[in-house]
Amino acid sequence: MILELDGVTHRYGEDLAVENVSLGVESGTLVGVLGPSGCGKTTLVRAIAGHLRPTAGRVRLRGVDVTDDPPESRRIGLVFQEPTLYPHMSVAENVAYGVAAREADPEGRDAAVAEHLELVGLADRADAAPRSLSGGQRRRVELARALAPEPDLLVLDEPLSALDRSLRTRLREEIGRLHRKTGVATLFVTHDQTDALALADRLVVMAEGRVAAAGTPRELYESPPTPFVASFLGRSTTVRGTLVGTSPPRVGVGDGELRLDAAATERSVGGTVTLHARPRTLGVRPVGDAGSADAAVSDDESDAMPTRSLRGEVTGVADAGRRYDVRVAVADGEEVVVERTATPPSAGEEVAVELPPGAVTVFGSDFEASGEWDPDTAPERRN
């Protein structure tokens, strides 16, 4: 293990910034730390880099406790949110500054600088001043400077946040390429879900100073373990219902009854549950359409039997360019959003919202659509 955080806690006076955070970064992996502003990400970066000593817990690099060691003794390369190139130095001199502490031999420094400028595609700009570079080029110089000393760990602290969308995408791809090329263990800290999901081998989601979840991006996106993770990792739609049966679970929503795939649930019959799904996984069709999963059930029978769909009325359609967002009222005060690429139904039309197997996560009644959450809450079952 290259980096280990063991129960790291830090307070600024009476204010708790992070609490009992444990995570690890293995050799050759890129771990994303994702969370909203104020969740403690920057405090963790400062503790890892040695810019603060945590109130409690330990920081280890390659198994060695460095909690009390100064920043200069830690083999960590850092790229921060704000630009940090020295304006009075050339590109090559900026990169050499990062190498100087590790490489006393001038020839060795020059070789390291040349190698890493080549790595980031800026060998022809070695003598340029930072002000003459584009924003993306300056970021690539900072990456070269952080990598040139051959650190044990590369820490990227919101490196894409100040860039426009197209540049952000290109630099994100560049970070992925550099990681694959060098194999340096990397901690990528961000508030942006798209960046984290696209880059990370493993994802640590933080909320209110604590780890809310950890796992692969696909696992956390498709099977969110907490309501906060469900709402934070991508677009979500939710609907409340009442658990009316188990084995298999059946949830009543309005006048309908929805059959889920889980074998059991710990909630008691009669309890309120919240169904969470990604809008892109849902379908919508006119009631009685023969192409549905419930087509074998007649309209009369479907009213009395649990199905995989919810009937409702389209209350609005938003054209989002590459998709339509279809909003459907399925009960009093309960609406779901369905993404559709084909021509959508019209407002006022009666439709069935289809929830295919594996599309729904069931949470207890303490989940609010606003994203408020109890960190001890877990989904009853993935369906």
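Residues numbered from 1 in each chain as written. Predicted model: local features only at pLDDT ≥ 70, side-chain atom pairs only at ≥ 80, totals over all residues. Heavy atoms only, no water.

An unreviewed UniProt entry lists the protein under the name Molybdate/tungstate import ATP-binding protein WtpC, with Halobellus ruber as the source organism. What UniProt records for the protein under Catalytic activity (unreviewed entry) is the sentence "tungstate(in) + ATP + H2O = tungstate(out) + ADP + phosphate + H(+)". Recorded in UniProt for the protein, the comment headed Function (unreviewed entry) runs: "Part of the ABC transporter complex WtpABC involved in molybdate/tungstate import. Responsible for energy coupling to the transport system." (UniProt positions renumbered as here; feature names shortened; annotations may be inferred.)

Trainee: I'd love a proper account of the sheet that holds strand β4 (residues 56-61), names of residues and values included.
Mentor: Here four strands make up an open sheet; going across it, the order is β2-β1-β4-β5 and the pairing antiparallel. Looking at the sheet topology across the chains shown, the edges are occupied by β2 (15-25) and β5 (64-65). Here strand β1 (residues 3-12) pairs with β4 via five bridges, running antiparallel. The residue of β4 that forms the bridge with Asp 6 is Arg 58. (Pairing = 2+ DSSP bridges. Helix = DSSP H or I, 4+ residues; strand = E, 2+ residues; numbered from the N terminus.)

Trainee: Summarise the nonpolar core; cite the residues concerned and give the values.
Mentor: By size, the foremost hydrophobic cluster in this structure holds 47 residues, and its most contacted members are Leu 117, Leu 203, Val 205, Val 229 and Leu 233. In terms of residue count, helix α4 (residues 135-147) provides more of this core than any other element does, five residues in total. Apart from residues lying up to four places away in sequence, Val 229 is in contact with Val 205, Ala 212, Ala 213, Leu 220, Pro 224 and Arg 278. (Core = buried A, V, L, I, M, F, W, Y, C linked by side-chain atoms within 4.5 Å. Buried < 20%, exposed > 50% of the residue type's maximum accessible area, 1.4 Å probe, protein only. Contact = heavy atoms within 4.5 Å.)

Trainee: Provide a residue-level description of the layout of surface pockets, including the pertinent values.
Mentor: Taken as a whole, the largest pocket spans an internal volume of roughly 570 Å³. Along its surface, the largest pocket is lined by 20 residues, and Ile 76, Gly 77, Leu 78, Gly 98 and Pro 149 are the ones closest to its centre. Looking at the lining of the largest pocket, the elements with two or more residues in it are β6 (76-79), α2 (91-100) and α4. No other element matches the three residues that β6 contributes to the lining of the largest pocket. Considered class by class, the residues forming the lining of the largest pocket number 11 nonpolar, four polar and five charged. (1 Å grid on protein atoms, 1.4 Å probe; cavity = no way out; pocket = protein on both sides within 12 Å on 5 of 7 lines; lining within 4 Å. Points joined across faces, edges and corners; volume = space filled by probe spheres on them. Nonpolar A, V, L, I, M, F, W, Y, C, P; charged D, E, K, R; others polar.)

Trainee: Go over the pairing of β1, please, and point to the residues and values.
Mentor: For β1 and β2, the ladder comprises seven bridges, and the chain directions are antiparallel. Bridge pairing in β2 places Leu 5 opposite Leu 23. The loop that links β1 with its antiparallel partner β2 comprises two residues; one of these, Gly 13, has a positive phi angle of about 65°.

Trainee: How would you sum up the pairing of strand β8 (residues 185-190)? Please name residues and give values.
Mentor: In regular strands, side chains alternate between the two faces of the sheet. Counting buried positions along β8 gives six out of six residues, so the element sits mostly inside the fold. Burial along β8 is two-sided: the residues Ala 185, Leu 187 and Val 189 and Thr 186, Phe 188 and Thr 190 are all buried. As judged from the five bridges shared by strand β3 (residues 30-34) and β8, these two strands associate in the parallel manner. Bridge assignment links Val 33 to a residue of β8, and that residue is Val 189. As paired elements, strand β7 (residues 153-157) and β8 share five bridges and run parallel to each other. For Leu 153, the partnering residue across the bridge sits in β8 and is Ala 185. Considered for its hand, the β-α-β crossover made up of β7, helix α5 (residues 165-182) and β8 is right-handed. (Right-handed = clockwise from strand over helix to strand, strands pointing away.)

Trainee: Talk me through the packing of aromatic side chains; I want residue IDs and the actual numbers.
Mentor: Across all of its chains, the model carries two aromatic pairs by this definition. An angle of 65° between the planes, with centres 5.0 Å apart, marks the rings of Tyr 86 and Tyr 97 as edge-to-face. Taken together, the residues span a long stretch of sequence, with Tyr 86 in the loop between β6 and α2 and Tyr 97 in helix α2 at a distance of 11 residues. Note on Tyr 97: relative accessible area 48%, which makes it partly exposed. With a centroid separation of 5.2 Å and 15° between ring planes, the pair formed by Phe 228 and Phe 232 is classed as stacked. Of the two residues, Phe 228 and Phe 232 are both situated in helix α8 (residues 227-232); the distance of four residues between them amounts to about one turn of the helix. Across the ring face of Tyr 221, the terminal group of Arg 278 is positioned such that the distance to the ring centre comes to 4.2 Å. (Phe/Tyr/Trp six-rings, centres within 6.5 Å; stacked < 30°, edge-to-face > 60°. Lys NZ or Arg CZ within 6 Å of the ring centre and 35° of its normal.)

Trainee: Which residues make up α5, and what are the values?
Mentor: With 18 residues, α5 should cover 26 Å at 1.5 Å per step; its first-to-last C-alpha distance of 26 Å lies within 8% of that length. Of the residues making up α5, those classed as buried are Leu 167, Arg 168, Leu 171, Arg 172, Glu 174, Ile 175, Gly 176, Leu 178 and His 179. For α5, the secondary structure elements touched by its buried residues are β3, α3 (106-119), α4, β7, β8 and α6 (193-199). Trailing α5 by a residue or two, Gly 183 shows a phi angle of about 70°, which is positive. (Expected span 1.5 Å × (residues − 1).)

Trainee: Tell me about the side chain of Arg 285, residues and numbers included.
Mentor: The residue Arg 285 is located in strand β15 (residues 283-286) in this model. Here Glu 354 takes part through its side chain, which lies 2.9 Å from a polar atom of the side chain of Arg 285. (Polar contact = N/O pair within 3.5 Å; in protein donor to acceptor, adjacent residues only side chain to side chain.)

Trainee: I'd like to hear about helix α1 (residues 41-49), residue by residue, with values.
Mentor: Within α1, seven of the nine residues are buried, leaving the element largely enclosed by the surrounding structure. For α1, the complete set of buried residues consists of Lys 41, Thr 43, Leu 44, Val 45, Ala 47, Ile 48 and Ala 49.

Trainee: How would you sum up the pattern of salt bridges? Please name residues and give values.
Mentor: A side chain of one charge can pair with a side chain of the opposite charge when the charged atoms of the two come close. All chains considered together, the criterion is met by 21 salt bridges. Residues joined by salt bridges that share partners form a network here, namely Arg 53, Arg 58, Asp 65 and Asp 68. (Salt bridge = Lys/Arg side-chain N within 4 Å of Asp/Glu carboxyl O.)

Trainee: Outline the packing of α2 against α4, listing residues and values.
Mentor: Contact geometry of α2 with α4 gives a least axis separation of 7 Å together with a crossing angle of 30°. The angle between α2 and α4 places the two elements in the roughly parallel class. Handedness of the crossing formed by α2 with α4: right-handed. Contacts from Val 91, Asn 94, Val 95 and Gly 98 of α2 reach α4 at Val 141, Ala 144 and Arg 145. For the contact of α2 with α4, the residue count by class is four nonpolar, two polar and one charged. (Axes fitted to C-alpha atoms, helices over the stretch in contact; angles between N-to-C directions. Parallel < 35°, antiparallel > 145°, perpendicular 65-115°, else oblique. Left-handed = near helix turned anticlockwise from the far one by under 90°.)

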